[in-house]
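This is what each chain is made of:
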Amino acid sequence: MATVTVPHPLPSPEEDAKKLRKAFQGLGTDEKAIIDVLGHGTAAQRAEIARTYAVLYKETLVERLDSELSGDFRQAVILWAMDPAERDAKLANEALIWVIIEVACASDPDHLMAVRKAYCSLFSSSLEEDVLRQLLVRLVSSYRYTGEHVDEGLAQYEAAELYDAIVIHILSTRNKSQLKATFHHYKQGYGKAIDEFTSTLEVAVCCIGSPEKHFAEVVRSSVLGLGTDEDSLTRAIVGRAEIDMKKIKEEYYKTTLVIGDTSGDYKNFLLTLVG
């Protein structure tokens, strides 16, 4: 289901490391050479290239990419060059709620455990602790109204929020096959799909039941309207190119909007990843 191609014959890590080094030297940077090397191959192969580069040239590949590139192209290439678990840990640390939901619900358990381990290594705290810390900061920084007035509209809204919390408990503790069966029975019993809720619950359910639908919508939303949300576009394509980008493309139908709303090396890199 991945769209990333592997060159044949496959160059050795030394060959690719030397090609990257050459791309960094001289006047200007050879962005095309960087795309040719890093835009093809698996995460394991990119990791081997990075290790070889560090041994040969006594600097990390990510640090050199950071100094040589700029703009959205730099962000996309650096995220792509990172270990997938470290990449998701870094994105989660930026406190993007959608990222945390995507990692928790659209990843397999082994990857989620790897993200939690990488998060702890990178930031010297657990992902769970930081999520809880945000909650506690909100609790201690609030000032509660002590009167007797009741807002019925607010009560109805927060009752729905409590319902969401119960469902999220189910989402976080059942396997995907069990959840899909639950979603089916919910639709039979209540006449509508559970992901029709307009809340974070909708995102969580969609990521579990149909991640390609969720990420196709992330791509579509990022390029509609005035301007492009490059952060969301990069996150979706870089994060899913090795997982289910073929299904995302089928869900999206075609990539015309991605082509039309990006330009230069950034566009060329994204198009390389989406095949």
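Named according to an unreviewed UniProt entry, the protein chain is Annexin ANNAT3 originating from Trachycarpus fortunei.

Chemist: Even after reading the chapter, I still don't get the pattern of salt bridges, so can you show me in this structure?
Modeler: Opposite charge on two side chains makes pairing possible when the charged atoms of those side chains draw close. Taken as a whole and assessed by the stated rule, the structure comprises 12 salt bridges. The shortest N-O distance in the salt bridge between Arg116 and Glu128 comes to 2.4 Å. Of this pair, Arg116 sits in helix H8 (residues 109-123) while Glu128 sits in helix H9 (residues 127-140), and the two are 12 residues apart along the sequence. Shared partners join several salt bridges into a network, and the residues in it are Arg21, Glu59, Arg64 and Glu68.

Chemist: What should I look at first to understand helix H14 (residues 230-240) in this one?
Modeler: Every α-helix carries 3.6 residues per turn, so stepping three or four residues along brings you back to the same face. Burial analysis of H14 places nine of its 11 residues in the buried class, which makes it a mostly covered element. Along H14, the positions that sit buried rather than exposed are Ser232, Leu233, Thr234, Arg235, Ala236, Ile237, Val238, Gly239 and Arg240.

Chemist: Help me understand helix H5 (residues 71-81), please; the structure alone is not making it clear to me.
Modeler: Buried residues of H5: Phe73, Ala76, Val77, Ile78, Leu79, Trp80 and Ala81, and no others. Buried positions along H5 lie against helix H2 (31-38), helix H3 (43-57), helix H4 (61-68), helix H6 (84-93), H14 and helix H17 (264-273).

Chemist: Quick question: what am I supposed to make of the packing of helix H1 (residues 13-24) against H3 here?
Modeler: The geometry of a pair of packed helices is captured by two quantities: the angle between their axes and the separation between those axes. Where H1 meets H3, the axes come as close as 8 Å, and the angle between the chain directions of the two elements is 65°. Considering how the two elements wind past one another, H1 and H3 form a crossing that is right-handed. Two secondary-structure elements touch here, H1 through Pro13, Glu14, Asp16, Ala17, Lys18, Leu20, Arg21 and Phe24 and H3 through Glu48, Ile49, Thr52, Tyr53, Leu56 and Tyr57. Across the contact of H1 with H3, the residue classes tally to eight nonpolar, one polar and five charged.

Chemist: Explain the environment of Arg46 to me, please; I cannot follow it from the model alone.
Modeler: Among the secondary structure elements, Arg46 is positioned in helix H3. Along the sequence, Arg46 and Asp83 sit 37 residues apart, while their C-alpha atoms lie 8.6 Å from each other. The contact partners of Arg46, leaving out residues within four places of it in the chain, are Leu38, Gly41, Trp80 and Glu242.

Chemist: What's the story with the packing of aromatic side chains in this structure? I'm lost.
Modeler: Two numbers describe a pair of aromatic rings. These are the distance of the centres and the angle of the planes. Considering all chains together, one arrives at four aromatic pairs under this definition. With a centroid separation of 5.0 Å and 55° between ring planes, the pair formed by Tyr53 and Tyr57 is classed as tilted. Of the two residues, Tyr53 and Tyr57 are both situated in helix H3; the distance of four residues between them amounts to about one turn of the helix. Its relative accessible area of 0% is what places Tyr53 among the buried residues. Residues Tyr119 and Phe123 carry aromatic rings whose centres are separated by 4.9 Å and whose planes lie at 55° to one another, so their mutual orientation is tilted. Of this pair, Tyr119 and Phe123 both sit in helix H8, four residues apart, which is roughly one turn of that helix. Taking the relative accessible area as the measure of exposure, Tyr119 reaches 2% and is therefore buried. Here the aromatic cluster, defined as three or more aromatic residues joined through ring pairs, consists of Phe24, Tyr53 and Tyr57.

Chemist: Honestly, the state of the cysteines in this entry has me stumped. Any pointers?
Modeler: By definition, a disulfide links the sulfur atoms of two cysteines through a covalent bond. Tallied over the entire structure, the rule returns zero disulfides. Cysteine Cys105 remains unbridged, with the sulfur of Cys207 as its closest cysteine sulfur at 5.8 Å. Using a relative accessible area of 12% as the deciding quantity, one classes Cys105 as buried. Summary of cysteine pairing: Cys206 is not part of a disulfide, and the nearest cysteine sulfur, belonging to Cys207, is at 6.2 Å. Residue Cys206 is classed as buried on the basis of its relative accessible area, which comes to 12%.

Chemist: In this structure, what is going on with the side chain of His214? I would like to understand it.
Modeler: Tracing the backbone shows His214 in helix H13 (residues 211-223). Contacts of His214, omitting those with residues within four sequence positions, involve Glu102, Val203, Cys206 and Cys207.

The rules we used
- Residues numbered from 1 in each chain as written.
- Predicted model: local features only at pLDDT ≥ 70, side-chain atom pairs only at ≥ 80, totals over all residues.
- Heavy atoms only, no water.
- Salt bridge = Lys/Arg side-chain N within 4 Å of Asp/Glu carboxyl O.
- Helix = DSSP H or I, 4+ residues; strand = E, 2+ residues; numbered from the N terminus.
- Buried < 20%, exposed > 50% of the residue type's maximum accessible area, 1.4 Å probe, protein only.
- Contact = heavy atoms within 4.5 Å.
- Axes fitted to C-alpha atoms, helices over the stretch in contact; angles between N-to-C directions.
- Left-handed = near helix turned anticlockwise from the far one by under 90°.
- Nonpolar A, V, L, I, M, F, W, Y, C, P; charged D, E, K, R; others polar.
- Phe/Tyr/Trp six-rings, centres within 6.5 Å; stacked < 30°, edge-to-face > 60°.
- Disulfide = S-S within 2.5 Å.

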